[in-house]
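Reading the structure
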Amino acid sequence: MRTRATLATAAVAALIVSAAGVGAASAKGPDDRVGVSGTDLLTDEIGRSANVRHLANIAPSGTLAEGIGTDLAFQDDKAFVGNYDGFSIIDVRNPRRPRTIAQVKCPGSQNDITVSGDLLYLSTDSSRSDDSCASTSQPATQKDSWEGIKIFDISDVRNPQYVKSVETACGSHTHTLVPGKGARQGTDYLYVSSYSPRAEYPDCQTPHDLISIVKVDKAQPTKSEVIATPNLFPDGGNPGGEGPTPIAGRSATTGCHDITALPHKNLAAGACMGDGIIMDIEDPEQPRVIERVRDDENFAFWHSATFNADATKVVFTDELGGGGAPTCTAEIGPERGANAIYDLSKLGKLTFQSYYKIPRHQTETENCVAHNGSIIPVAGRDIMVQSWYQGGVSVWDFTNSKKPKELGYFERGPLPEDEGIGGTWSTYYYNGHLYSSDIARGFDVLKFMDPATKRADRVVMDEFNAQSQPRYKVR
């Protein structure tokens, strides 16, 4: 393994593109079909509930037009949008008229993205020829291949600068920002999740029951490095198992897919392929697993986790079919490819309560399964917005852990048959609006207009990374 602090500056600079005039927003409205959804929608038609408004869309364009849209992060009046080919920075000061202000071409799936002050972090989980933004695909069987974390300086959002790379074992499928507190103020910790080791991969060996922790001194990011690789599963984790169909087998645990931190409570929840865990992160350099649960009946792949605002519940998602299969069908049913709601005790113990899955069946051509979302901060209520790929966006209430219910939705009809997978990858609430990153259709802005969440508009954040949940403050 190697960590390179010196980058091919000329090559990087050539790939940073000013986006003036790129990706103009268009509004959708008159052609929306209110109350129509699922299998009743025609190709690319928009369906929504009456309490959801589609304010704007920025279609894929410019240097990232051919890439897959992925995750989102926010800072002040800007959205940062990951893409398999790099990332975009979008001005959302006026949510009805968002505009792209910069695009950075820097290939490396998935380009999972977070922001912290003047720094932006990207995950690379595809084997590359080197750590530059001009790299090409290269087999993971080659020792000199590179995967890991890339760090950009975004103090000038119109001209981001690539400043550092850190290689991590098995790459970085996702990463979670854990800000340092107290004596560690000014330090960021990145919990890097990766998985699927193989004996023939020199930098991704079995067993791989760990995460990598990258330490970043925000004042000196070029000194960033891996400081620990804690083993979360000394017993090897879930061994996996066969299922009734090829996509329904239970995944073995060989690392984690995603971790969500709740820094002000010193807690983190991990979705680790075959296991769900709770960690104590009071010492961010030495996280400790304090609870572990499994669902060998209905969960195929523990994908992500979300705390409710007061840390009394955790929502885990099951990415049945890996995000590429049509699992929102009558045949699959309501308990697979769904969310699982667990109550969380003060001692960190998890108790299963129920499942939630969107109540709309999709066609056999639409990849659809539970994916990324965030809490909509409403005092006394547990409400979440969430992406379901081609199942669209769902706003749902799990205040009653045993009886979750949908409050509203937005979706598009199936993609044209020759386009393959699509749909919304992540949808998050930020300062009064819902922002969605669609794999094939770009960046959407939605407004959820419902008495249930009206008070959430008073919650103002100056930075938001969904996997580093904040303590919400009311203005």
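Before any of the text, the structure's been laid out above.
Residues numbered from 1 in each chain as written. Predicted model: local features only at pLDDT ≥ 70, side-chain atom pairs only at ≥ 80, totals over all residues. Heavy atoms only, no water.

**What about the overall build of the protein chain?**
Put simply, the rule is: Here a helix means four or more residues in a row that DSSP labels H or I, a strand means two or more in a row labelled E, and each is numbered from the N terminus. In this description the radius of gyration comes from C-alpha coordinates, and the expected globular size is given by 2.2 Å times residues to the power 0.38. Whether a residue is buried, partly exposed or exposed follows from its accessible area with a 1.4 Å probe, protein chains only, as a fraction of its type maximum: under 20%, in between, or over 50%, in that order. Every residue pair with non-hydrogen atoms within 4.5 Å of one another is taken to be in contact. Here the Shrake-Rupley method, with its probe set to 1.4 Å, supplies the accessible areas, and only the displayed protein chains count as covering residues. His is not counted, nor are the chain ends; Lys and Arg add positive charge and Asp and Glu add negative charge. For this purpose, a charge sits on NZ of Lys, CZ of Arg, CG of Asp or CD of Glu.
When helices and strands are tallied, the protein chain shows one helix and 33 strands. The C-alpha radius of gyration of the protein chain comes to 21 Å, within 12% of the 23 Å expected for a compact globule of 475 residues. Expressed as a percentage of its 475 residues, the buried residues of the protein chain come to 61%. The contacts of the protein chain with a sequence gap of at least 6 include a subset with a gap of at least 24, amounting to 59%. Taken as a whole, the protein chain presents about 17900 Å² of accessible surface, with 49% of it coming from carbon and sulfur. Of note, the protein chain has its 47 positive side-chain charges centred 7 Å away from the centre of its 60 negative side-chain charges.

**Examining the pairing of strand β30 (residues 424–430)**
Along a regular strand, successive side chains alternate from one face of the sheet to the other. What counts here: Here, strands pair whenever DSSP counts at least two bridges between them.
Counting buried positions along β30 yields seven of seven residues, so the element is predominantly enclosed. Strand direction decides the pairing type here: β30 and strand β31 (residues 433–438), joined by six bridges, are antiparallel. The partner of Tyr430 across the bridge, within β31, is His433. Taking the residues that link successive antiparallel strands as the turn, the β30-β31 hairpin has two residues, and the phi of Asn431 there is positive, at about 50°.

**Let's talk about the pattern of salt bridges**
The line we're drawing: By definition, a salt bridge exists where a carboxyl oxygen of Asp or Glu is found within 4 Å of a side-chain nitrogen of Lys or Arg.
This structure, assessed with the given rule, holds 26 salt bridges. Between Lys105 and Asp85 there is a salt bridge, with the nearest N and O atoms lying 3.8 Å from each other. One end of the pair, Lys105, is in strand β9 (residues 99–105); the other, Asp85, is in the loop between β7 (78–83) and β8 (86–91), with 20 residues separating them in the sequence. The class of Asp85 is buried, set by a relative accessible area of 17%. Between Asp235 and Arg292 there is a salt bridge, and its shortest N-O distance comes to 2.5 Å. Placement of Asp235 in the loop between β17 (225–228) and β18 (258–262) and of Arg292 in strand β21 (residues 288–293) is noted, with a sequence separation of 57 residues between them. Using a relative accessible area of 31% as the deciding quantity, one classes Arg292 as partly exposed. One continuous salt-bridge network, built from bridges that share partners, spans Asp77, Lys78, Asp91, Arg93 and Arg99.

**Brief notes about the state of the cysteines**
Quick note on the threshold: Working definition: a disulfide is two cysteine sulfur atoms within 2.5 Å of each other.
According to the stated counting rule, one finds four disulfides in the structure shown. Here Cys106 pairs with Cys133 through a disulfide, and the sulfurs are 2.1 Å apart. Handedness here is read from the sign of the S-S torsion; for Cys106 and Cys133, about -85°, the answer is left-handed. On the criterion of sequence distance, the pair formed by Cys106 in the loop between β9 and β10 (110–116) and Cys133 in the loop between β11 (119–128) and β12 (146–153) is long-range, its members being 27 residues apart. The exposure class of Cys133 is buried, given its relative accessible area of 3%. Disulfide partner of Cys170: Cys204, at an S-S distance of 1.9 Å. Given an S-S torsion of about 100°, the disulfide between Cys170 and Cys204 has right-handed geometry. Placement of the pair is Cys170 in the loop between β13 (161–167) and β14 (174–179) and Cys204 in the loop between β15 (187–193) and β16 (212–217), with a sequence separation of 34 residues. Comparing Cys170 with Cys204 shows no difference in burial state: the two are buried. Taken in sequence order, the bonded cysteines of the protein chain link in the pattern 1-2, 3-4, 5-6, 7-8.

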